[in-house]
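# Commentary on secondary and tertiary structure
Listed below, chain by chain, are the residues.
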Amino acid sequence: MIALERQFLDDMKRLRSREPLALVLTMGEAFTLLANLQLALRHPANRGPSARGIALEFALRVQRYLAATPAIAAACQAGWEPGRGVQVRRCRACGCVEDAACPDDGTGRPCSWAEPDLCTACARRAAGGIGPGEKASDGAAQ
Ligand SMILES: [Zn+2]
Ligand SMILES: [Zn+2]
């Protein structure tokens, strides 16, 4: 254990009896904090006891406080939807995505992006070259 970690643990133990941190939040601050906690808690790798324990309990407590009207309650609940706020970049022609690129046969490598929503394989096909799923045979690739 490095010295800073040991010091951290000593300090936490020594200051255990310190007056607790009291928070006063406006509705807006509470909602923003909840949304940020939900983002962290939606992360698939964030499954440890600290996330499932204090962070989730705190988020649910804030949510219960906020959910005073149906509209606000719905907005709070929507924050738990997986993938919310995560934009997946997708090719408009073949539907390939960043994590599942199609083979760009013109280059022999996975495709990349020719335009914000068009992969290089489809851009090549649109330009009359070799598209996804076709074989490079005659050196027509650029
Ligand atoms: Zn494509
Ligand atoms: Zn592609």
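Preceding this section is the structure that the text describes.
Now for a description of the structure that goes with this document.

Reading guide: rules and limits
- Residues numbered from 1 in each chain as written.
- Chains lettered and ligands numbered in written order.
- Predicted model: local features only at pLDDT ≥ 70, side-chain atom pairs only at ≥ 80, totals over all residues.
- Helix = DSSP H or I, 4+ residues; strand = E, 2+ residues; numbered from the N terminus.
- Buried ≥ 20, exposed ≤ 12 C-beta atoms within 10 Å, placed from the backbone.
- Contact = placed C-beta atoms within 7 Å.

Below, the discussion takes up the overall build of the protein. A tally of regular secondary structure across the protein gives five helices and four strands. When the helices and strands of the protein are read in sequence order from the N terminus, they spell out α-α-α-α-β-β-β-β-α. Expressed as a percentage of its 142 residues, the buried residues of the protein come to 16%. When contacts within the protein are restricted to residue pairs at least 6 apart in sequence, those whose partners lie at least 24 apart make up 42%.

Locating Phe58 in the fold gives a position in helix H3 (residues 49–66). Phe58 sits in the partly exposed class, given 14 other C-beta atoms within 10 Å. Here the alpha-carbon distance between Phe58 and Leu34, two residues 24 residues apart in the chain, equals 8.7 Å.

Here we come to the environment of Val97. You can see Val97 is positioned in the loop between helix H4 (70–78) and strand E1 (103–104). Residue classification places Val97 among the partly exposed positions, given that 13 C-beta atoms sit within 10 Å. Distance in space between the C-alpha atoms of Val97 and Leu118 is 9.9 Å, their sequence separation being 21 residues. Ignoring anything within four residues of it in the chain, the contact list for Val97 reads Val88, Arg89 and Arg90.

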